[in-house]
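Close look at the chain arrangement
Here are the chains, one letter per residue:
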Amino acid sequence: MPYRIASQEKAMRIVFTGGSGKAGKHVIPELLAHGHKVLNVDLVPLDVHGVDNLKADITDSGQCYNALSMMHNLGELDSGIGPMPKPDAVVHFAAIPRILLRPDNEAYRINTMGTYNVLEAALKLGIRKIIFASSETTYGVCFASGERKPEYLPIDEEHPVVPEDSYATSKVCNEVTARCFQLRTGADIYGIRINNVVEPHEYAQDFPKYS
């Protein structure tokens, strides 16, 4: 069945956290191309035509709540209707993306508190669709000390999560946090265990070394 683009459906109002990152800077243009309105919440703006940018620290619950409930641009003042409609969905990609970029405890704090704040603010505002980025590292196969192989192949969602580093542990915590919010609210919350994000230019640059 062919994919139905947004022009044939409802154009959504989306808040995307961490959209200036390696994955987000490719996902947001795709969302815009399908007619959706996107607010990128990040510490660094994304230079893409059509996206609105808001600099905010999502580990601060007040900033997170405001980011999800405010106007997205000056043009929305022209509507004259006061507060704009709440977002239809939140895509949460903001995080420290791996170990050894920040001290371990700081990476864990940012990743877990950021996710908790996004989920809490979204659901208290009545936003019922949330997608968040988890990671293949939850299986313990990436940042383990020495080599760790999966317990079985192919890996599925029933495979044990066995993190042994601050990044992977933060992702496991985020999955549990999301499950708790989902059970309490019944909202649509989806965690995606993303593996290594490879940009188009990196296939030619790096893949020969992986063979």
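Residues numbered from 1 in each chain as written. Predicted model: local features only at pLDDT ≥ 70, side-chain atom pairs only at ≥ 80, totals over all residues. Heavy atoms only, no water.

In the annotation of an unreviewed UniProt entry, the entry for the chain reads NAD-dependent epimerase/dehydratase domain-containing protein, and the organism field reads Prorocentrum cordatum.

Remarks on the pattern of salt bridges
Under the criterion given, the structure shown has nine salt bridges. Residue Glu 76 is joined to Arg 13 by a salt bridge in which the shortest nitrogen-to-oxygen separation is 2.7 Å. Of this pair, Glu 76 sits in the loop between α2 (61-67) and β4 (89-92) while Arg 13 sits in strand β1 (residues 13-17); the two residues are 63 residues apart in sequence, bridging distant segments of the chain. Looking at Arg 13, the relative accessible area reads 7%, which means it is buried. (Salt bridge = Lys/Arg side-chain N within 4 Å of Asp/Glu carboxyl O. Helix = DSSP H or I, 4+ residues; strand = E, 2+ residues; numbered from the N terminus. Buried < 20%, exposed > 50% of the residue type's maximum accessible area, 1.4 Å probe, protein only.)

Considerations on the side chain of Thr 177
Topologically, Thr 177 is positioned in helix α4 (residues 166-185). In this view, Thr 177 contacts Tyr 116 and Leu 119; residues no more than four positions away in its chain are not counted. (Contact = heavy atoms within 4.5 Å.)

As for the nonpolar core
Ranked by internal contacts, the top residues of the largest apolar core, which has 23 residues, are Val 41, Leu 68, Val 90 and Ile 189. Counting residues per element, the ones that place at least two in this core are β2 (37-42), α2, α3 (104-124), β5 (129-135) and α4. Sort the elements by how many residues they give to this core and α3 lands first, with five residues. (Core = buried A, V, L, I, M, F, W, Y, C linked by side-chain atoms within 4.5 Å.)

With respect to the environment of Ser 69
Within the secondary structure, Ser 69 is located in the loop between α2 and β4. You can call Ser 69 partly exposed: its relative accessible area is 38%. Sequence spacing of Ser 69 and Glu 151 is 82 residues, and the spatial spacing of their C-alpha atoms is 44 Å. A polar atom in the side chain of Ser 69 sits 2.8 Å from the backbone oxygen of Tyr 65. (Polar contact = N/O pair within 3.5 Å; in protein donor to acceptor, adjacent residues only side chain to side chain.)

As for the sheet that holds β4
Working definition: the strands of a sheet are paired by backbone hydrogen bonds and lie parallel or antiparallel to each other. What the six strands build is an open sheet, ordered β3-β2-β1-β4-β5-β6; its pairing is parallel. Both outer strands of the open sheet, β3 (52-55) and β6 (188-194), are each paired with one neighbouring strand and no more. Across the sheet, the mean angle separating the axes of adjacent strands is 20° when strand polarity is ignored. Examined bridge by bridge, β1 and β2 share five bridges and lie parallel to one another. Bridge assignment links Val 15 to a residue of β2, and that residue is Leu 39. Along the sheet, helix α1 (residues 24-33) contacts β1 and β2; its crossing angle with β1, the most-contacted strand, is approximately 175°. The sheet contacts of α3 involve β1, β4, β5 and β6, and relative to β4 the element is tilted by about 180°. (Pairing = 2+ DSSP bridges. Axes fitted to C-alpha atoms, helices over the stretch in contact; angles between N-to-C directions.)

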